[in-house]
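Structural overview for review
One-letter residues, chain by chain:
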Amino acid sequence: DETTVVEFIILGFQSTPKVKFILFSVFLVTYITTVLGNLLIMVLVVTDHHLHNPMFFFLGNLSFLETCYTSTILPRMLASFLTDKYVISLNGCFLQYFFFTGLAGAECSLLTAMSYDRYIVICKPLHYPSIMNGRCCLQLAGGSWVNGLLASAIVTALMPQLTFCGPNEIDHFFCDFTPVVKLSCSDTRWIELVTFILASLLTLPPFLLTLVSYVYISNTVLRIPSSTGRHKAFSTCSSHLTVVTLFYGTLIVVYLVPQTNMLGDLHKVFSVCYTVLTPLVNPLIYSLRNNNIKKDLRTAV
């Protein structure tokens, strides 16, 4: 007899009970630091008129996105460490997946918008004010949010049509697509195909556009005669390039490297990198590399 599953058990990091307190402490400090760091950048971007330009408008959007992104996973995980309750309802699981995937998709597009902004400022500086006007910035940022959330909504709407009849243990620390769909006892080929197409559209074109932007930027920077000019031009891109490398690097490892039993725990570690560490280091990278933000922070302190 088929019994329909009504809740999942998220195994997460249960396999290491001895270090549970250490993990809880590390994730709690990480979450608080991430939220405070990103909130600080948002406040600075809104309140300081020196930061009212396209680059910081996108950075403010990215910080808001990172705060939401990490909040879809970490608070629930912290609560599980405290209560020893690792259960999540089917609807709760689908909702977590919707927000997590939607925000990840939005981040891909937003990082591309930021690379386009850097391309215009370095390769077409005279046209920068007319191209990157307020309307263009709003369209790029708004489009990024709509793209991610719409694609995620399509997949999430298909998930309740799957049947789950046990087992109900998700071998991950949040409701990601593959660990959840693997538990379904119905035909998953259709939802896997739709997800593959949408994931490809959300990640490959933004990634390629970002690469193309940096090829043009590199060509332009290398043609600058003075080393000071080259350094100044590249320093405006270095923080964004670091974030892009970290984000896409871990995504590629998690979703493109074939999963084996040996790599199972490694996948969890790399998943922690892009769900927990990327939102933490983004404000650090931008604040340490950007003179305007450093100056504002010194003034605030």
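Residues numbered from 1 in each chain as written. Predicted model: local features only at pLDDT ≥ 70, side-chain atom pairs only at ≥ 80, totals over all residues. Heavy atoms only, no water.

Overview of the overall build of the chain
- Helix and strand counts for the chain stand at 11 helices and three strands.
- When the helices and strands of the chain are read in sequence order from the N terminus, they spell out β-α-α-α-β-α-α-α-β-α-α-α-α-α.
- Over its C-alpha trace the chain gives a radius of gyration of 21 Å, about what one expects of a compact globule, namely 19 Å for 301 residues.
- With respect to the principal axes defined by its C-alpha atoms, the chain has extents near 75 × 45 × 35 Å.
- Within the chain, buried positions represent 48% of all 301 residues. (Helix = DSSP H or I, 4+ residues; strand = E, 2+ residues; numbered from the N terminus. Rg over C-alpha atoms; globule rule 2.2 N^0.38 Å. Buried < 20%, exposed > 50% of the residue type's maximum accessible area, 1.4 Å probe, protein only.)

Some remarks on the sheet that holds strand S2 (residues 87–89)
- Spatially, three strands are ordered S2-S1-S3 in an open sheet, and the strand pairing comes out mixed. Each having just a single partner strand, S2 and strand S3 (169–170) make up the two edges of the open sheet. (Pairing = 2+ DSSP bridges.)

Observations concerning the confidence of the model for the chain
- Here the chain averages 86 in pLDDT, and 91% of its residues register 70 or above.
- Of all the helices and strands in the chain, helix H11 (residues 291–300) carries the lowest mean pLDDT, 68, while helix H6 (residues 134–158) carries the highest, 95. (pLDDT = per-residue confidence, 0-100.)

Examining the state of the cysteines
- Taken as a whole and judged by the stated rule, the model has two disulfides.
- Covalently, Cys93 is tied to Cys175 through a disulfide, its sulfur atoms 2.0 Å apart. Its S-S torsion of approximately -120 degrees makes the covalent link between Cys93 and Cys175 left-handed. Of this pair, Cys93 sits in helix H4 (residues 90–123) while Cys175 sits in the loop between S3 and helix H7 (177–181); the two residues are 82 residues apart in sequence, bridging distant segments of the chain. (Disulfide = S-S within 2.5 Å.)

As for the pairing of strand S1 (residues 7–10)
- Here S1 shows a clear split, with Phe8 and Ile10 buried on one side and none of Glu7 and Ile9 buried on the other.
- Judged from the three bridges that link them, S1 and S2 form a sheet pairing that is antiparallel. Paired with Phe8 across the strands is Ile88, a residue of S2.
- One ladder, built from two bridges, connects S1 with S3; its direction is parallel. The residue of S3 that forms the bridge with Ile9 is Glu169.

Thoughts on the pattern of salt bridges
- In this structure the tally under the stated criterion is three salt bridges.
- With a shortest N-O distance of 3.0 Å, Arg189 and Asp187 are connected by a salt bridge.
- A residue is classified by how much of its surface remains accessible, and Arg189, at 63% relative accessible area, is exposed. (Salt bridge = Lys/Arg side-chain N within 4 Å of Asp/Glu carboxyl O.)

A word on the packing of aromatic side chains
- Taken as a whole and assessed by the stated rule, the structure comprises 14 aromatic pairs.
- Relative to Phe177, the ring of Tyr97 lies with its centre 6.1 Å away and its plane at 40 degrees, an arrangement referred to as tilted. Highlighted residues: Tyr97 in helix H4 and Phe177 in helix H7, separated in sequence by 80 residues.
- Residues Phe207 and Tyr248 carry aromatic rings whose centres are separated by 4.7 Å and whose planes lie at 50 degrees to one another, so their mutual orientation is tilted. Highlighted residues: Phe207 in helix H8 (residues 189–222) and Tyr248 in helix H9 (residues 227–256), separated in sequence by 41 residues.
- Ring pairing ties together the aromatic residues Tyr69, Phe100, Phe173 and Phe174, which thus form one cluster. (Phe/Tyr/Trp six-rings, centres within 6.5 Å; stacked < 30°, edge-to-face > 60°.)

Considerations on empty space enclosed by the protein
- Per the counting criterion, the structure on display carries two cavities of 30 Å³ or more.
- Considered as a void within the structure, the largest cavity measures approximately 120 Å³ in volume.
- Ile10, Met77, Ser80, Tyr86 and Phe173 are, among the 13 residues lining the largest cavity, the residues nearest its centre.
- When residues of the lining of the largest cavity are assigned to their parent elements, the largest contribution, four residues, is made by helix H3 (residues 74–83).
- In the lining of the largest cavity, the residues fall into nine nonpolar, three polar and one charged.
- In this model, the second largest cavity occupies a volume close to 50 Å³.
- Met55, Met114, Asp117, Arg118, Thr236, Ser239, His240 and Tyr286 are the residues that line the second largest cavity.
- For the lining of the second largest cavity, the elements supplying multiple residues, two or more each, are H4 and H9.
- A per-class count over the lining of the second largest cavity returns three nonpolar, three polar and two charged. (1 Å grid on protein atoms, 1.4 Å probe; cavity = no way out; pocket = protein on both sides within 12 Å on 5 of 7 lines; lining within 4 Å. Points joined across faces, edges and corners; volume = space filled by probe spheres on them. Nonpolar A, V, L, I, M, F, W, Y, C, P; charged D, E, K, R; others polar.)

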